[in-house]
Amino acid sequence: MNTPRIKEVQIRDVEFGGNVTVIKPVNLYECFIDDDSFVGPFVEIQRGVKVGKRCRIQSHTFICELVTIGDDCFISHGVMFINDPFSIGRPAHGNKEFWRATDIGNKVSIGTNATILPVQIVDNVVIGAGAVVTKDIITPGIYAGNPTRFIRSL
């Protein structure tokens, strides 16, 4: 019987601002989490991610490399950020040449179980639970659906 390789990262090489709360277990590595932010349990935040001031990252959320989150954002339970858009017709299998970045503006709220593909999202946006964001959001407002569509202004 083979013995699996087990890596336990938890929290490694993370830069924290002041007054940050982290509820374990988490997997945070080589990222930056700014002042007065909260990270719930069962969250993974990968290398190079930047989380702004006064953000809440709720449980079971996955934030992959190449994601930047602005200030005063709320990321609800189970939100999945994706950096591999299958641009070559299949997974890039770790080939970062094919990965794309996601930038989330300030005062953005993302609902439970939303999936965020590589996009740009402006300030003052609400994304409904279960939404799948496949294109840039360039107008503030409320968005929902799969694929996400504009519902109304705030």
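Residues numbered from 1 in each chain as written. Predicted model: local features only at pLDDT ≥ 70, side-chain atom pairs only at ≥ 80, totals over all residues. Heavy atoms only, no water.

What to know about the environment of alanine 101
Within the secondary structure, alanine 101 is located in the loop between β13 (80-81) and β14 (102-104). Residue classification places alanine 101 among the partly exposed positions, given a relative accessible area of 37%. Distance in space between the C-alpha atoms of alanine 101 and aspartate 84 is 9.1 Å, their sequence separation being 17 residues. Setting aside chain neighbours within four positions, we find alanine 101 in contact with Leu66, Pro118, Val119 and Gln120. (Helix = DSSP H or I, 4+ residues; strand = E, 2+ residues; numbered from the N terminus. Buried < 20%, exposed > 50% of the residue type's maximum accessible area, 1.4 Å probe, protein only. Contact = heavy atoms within 4.5 Å.)

Comments concerning the packing of aromatic side chains
Where two aromatic rings form a pair, the distance of their centres and the angle of their planes describe that pair. With the rule as written, the count across this model stands at one aromatic pair. Ring geometry for tyrosine 143 and phenylalanine 150: centres 5.4 Å apart, planes at 75 degrees, overall edge-to-face. Judged by relative accessible area, phenylalanine 150 falls into the partly exposed class, the value being 40%. Above the ring of phenylalanine 38, the side-chain terminus of arginine 56 is found at 4.0 Å from the ring centroid. (Phe/Tyr/Trp six-rings, centres within 6.5 Å; stacked < 30°, edge-to-face > 60°. Lys NZ or Arg CZ within 6 Å of the ring centre and 35° of its normal.)

Observations concerning the pairing of strand β20 (residues 141-144)
Two strands pair when backbone bridges link them, and strand β18 (residues 125-127) and β20 are joined in this way by three bridges, in the parallel orientation. The residue bridging isoleucine 127 from the neighbouring strand is tyrosine 143, located in β20. Of the strand pairs in this sheet, β20 and strand β21 (residues 149-152) are connected by three bridges, and their pairing is antiparallel. Counterpart to isoleucine 142 in the pairing with β21 is arginine 152. Counted along the chain from β20 to the antiparallel partner β21, the turn is four residues long, and its residue glycine 145 has a positive phi close to 105 degrees. (Pairing = 2+ DSSP bridges.)

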